[in-house]
Amino acid sequence: MASAWAEEIKEHNARYHDLAAYDYDDKWGISYGGLGRAQVLGKVRRALGEEATGLGRALEIGAGTGYFSLNLLLAGAIDSAVATDISQGMLDELSDTARRLDLAVETHRCDATELPFDDGEFDLVIGHAVLHHLPDLDAAFDQFRRVLRPGGRLVFCGEPSRHGDRLASVPKRAALAVAPVWRRLIGARRRIELAAGNDEARELWLEHVVDVHAFTPGELSTVAARAGFVDVRVHGEELVAGWFGWLNRTLESTAEKADIPMLWFQWAHRGYLTLKELDTALLEPRLPPAIFYNLLVSARSPATARSAGEAAYAVTASAD
Ligand SMILES: C[S@@+](CC[C@H](N)C(=O)[O-])C[C@H]1O[C@@H](n2cnc3c(N)ncnc32)[C@H](O)[C@@H]1O
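Residues numbered from 1 in each chain as written. Predicted model: local features only at pLDDT ≥ 70, side-chain atom pairs only at ≥ 80, totals over all residues.

Asker: Would you mind showing me how to read the overall build of the chain here?
Answerer: The number of helices and strands found in the chain is 11 helices and seven strands. Relative to the 2.2 N^0.38 estimate, which gives 20 Å for 320 residues, the radius of gyration of the chain is 20 Å and therefore close to what a compact globule would have. Each principal axis of the C-alpha distribution contributes one length, and for the chain these read about 65 × 40 × 40 Å. Per-residue burial for the chain yields a buried fraction of 39% across its 320 residues. Contacts in the chain between residues far apart in sequence, at least 24 positions, make up 84% of those at least 6 positions apart. (Helix = DSSP H or I, 4+ residues; strand = E, 2+ residues; numbered from the N terminus. Rg over C-alpha atoms; globule rule 2.2 N^0.38 Å. Buried ≥ 20, exposed ≤ 12 C-beta atoms within 10 Å, placed from the backbone. Contact = placed C-beta atoms within 7 Å.)

Here it is, written out as structure tokens:
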């Protein structure tokens, strides 16, 4: 039975993401054009170690507004998508965007540990930036394994790495130190404190309580292996791009948004994309996954159905 703490985390997640849904794509620069497709295909390719094609019928966990499912459908990498999330607000946004893009996507509001699907229904279970919100990871991975067909693939990207998170606190602190000078330079007013009780203040408070994990590569691979997955691999993603992104996002959070010039946002976005290319080409192939800001995990359901207890610990992830 789920603990009171786990239930509270799920409730906070549903409320926070319901509040965040309406401007979520704008806030995170989510694209359903060429850029979004290239980003998502790049992440899945990196996680799988091969091109992201012919991935069949996909189930997305914590699909949010549809960043992964919709871009994978647009790219033709999957045949069909079922999108699940604990937040109805996020799923409503996803359905609106799918309609606009003329894509068919089935949605289900459900918790990752209570998937309303038959055993072996899917070829792929996928997710982006969701595992760190799940209080009971073992129960969730048991469900992922159950709904995958034998030999089916599991791919989760964009999970915060514990060491990467610590390293990212350096640019965050630096940004807070230089924020007054930065605001003066761009002519922006200091952000007015939010009145307690309004929606924005509530959203900010919830933002601090919805993340329940940051992972080492070893922890992620162990939870997958414990559920009976094989061929478990963990990669790292984003180093200097992550530092740059956090520096800018922290600066921006201290100013009135309307005062920040569009040119600043364009510069920040272009700078991030350039550094991301540097990370991909030079750093990710050479440095250990643990120091990157994000982790990606991929695995396979065993070709013959076995119980989790019998499963071999075929872990090929890099050590912490
Ligand atoms: C950081 S957002 C990521 C959304 C989307 N995958 C993306 O990358 O844009 C995390 C998502 O996970 C969902 N979520 C949180 N806890 C969940 C749970 N217990 N079961 C299913 N979804 C959950 C949230 O509602 C939210 O939509």
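Asker: Help me understand the nonpolar core, please; the structure alone is not making it clear to me.
Answerer: The nonpolar side chains of soluble globular proteins are, as a tendency, buried together. Within the largest apolar cluster, 58 residues are counted, with the highest numbers of intra-cluster contacts made by A58, V125, A224 and V297. Ignoring any residue separated from it by four or fewer positions in sequence, one finds V125 in contact with L59, I61, F144, V147, L148 and L154. Counting eight residues, the second-largest nonpolar core is a separate cluster that includes A241, W246, L251 and Y293. (Core = buried A, V, L, I, M, F, W, Y, C linked by C-beta atoms within 7 Å.)

Asker: Looking at this model, I keep getting lost on the packing of helix 6 (residues 137-147) against helix 9 (residues 217-226). Mind explaining?
Answerer: For any two helices packed against each other, one specifies the crossing angle of their axes together with the interaxial distance. Helix 9 packs onto helix 6 with a crossing angle of 55 degrees between their chain directions and a minimal axis gap of 9 Å. It follows that helix 6 is oblique to helix 9 by the angle criterion. Both helix 6 and helix 9 take part in a crossing whose hand is right-handed. Taken together, the residues of helix 9 that come into contact with helix 6 (itself represented by L137, D138 and F141) are V223, A224 and R226. Considering only residue class, the contact of helix 6 with helix 9 consists of four nonpolar, no polar and two charged. (Axes fitted to C-alpha atoms, helices over the stretch in contact; angles between N-to-C directions. Parallel < 35°, antiparallel > 145°, perpendicular 65-115°, else oblique. Left-handed = near helix turned anticlockwise from the far one by under 90°. Nonpolar A, V, L, I, M, F, W, Y, C, P; charged D, E, K, R; others polar.)

Asker: I tried to follow the site of the ligand on my own but got confused; where do I start?
Answerer: Surveying the vicinity of the ligand reveals 21 residues, the closest of which are H17, G62, G64, S87 and H128. Within the residue set of the shell around the ligand, elements represented by two or more residues are helix 1 (4-20) and helix 4 (67-74). For the shell around the ligand, the element with the highest residue contribution is helix 1, accounting for three residues. Class assignment for the residues of the shell around the ligand results in 10 nonpolar, eight polar and three charged. (Near = placed C-beta within 6 Å.)

Asker: Quick question: what am I supposed to make of the sheet that holds strand 3 (residues 106-109) here?
Answerer: Strands pair in a sheet through their backbones, by hydrogen bonds, and they do so in one of two ways: parallel or antiparallel. Sheet architecture is open: seven strands sit in the order 3-2-1-4-5-7-6, paired in mixed fashion. Strand pairing shows two members of the sheet lacking a second neighbour, strand 3 and strand 6 (230-237), which therefore form its edges. The mean angle between the axes of side-by-side strands here comes to 15 degrees, regardless of whether they run parallel or antiparallel. As defined by bridge partners, strand 2 (residues 80-85) adjoins strand 3 across four bridges and the pair is classed as parallel. Of the residues in strand 3, the one forming a bridge with V82 is E106. (Pairing = 2+ DSSP bridges.)

Such coordinate-based values are descriptive only and should not be taken to indicate function.
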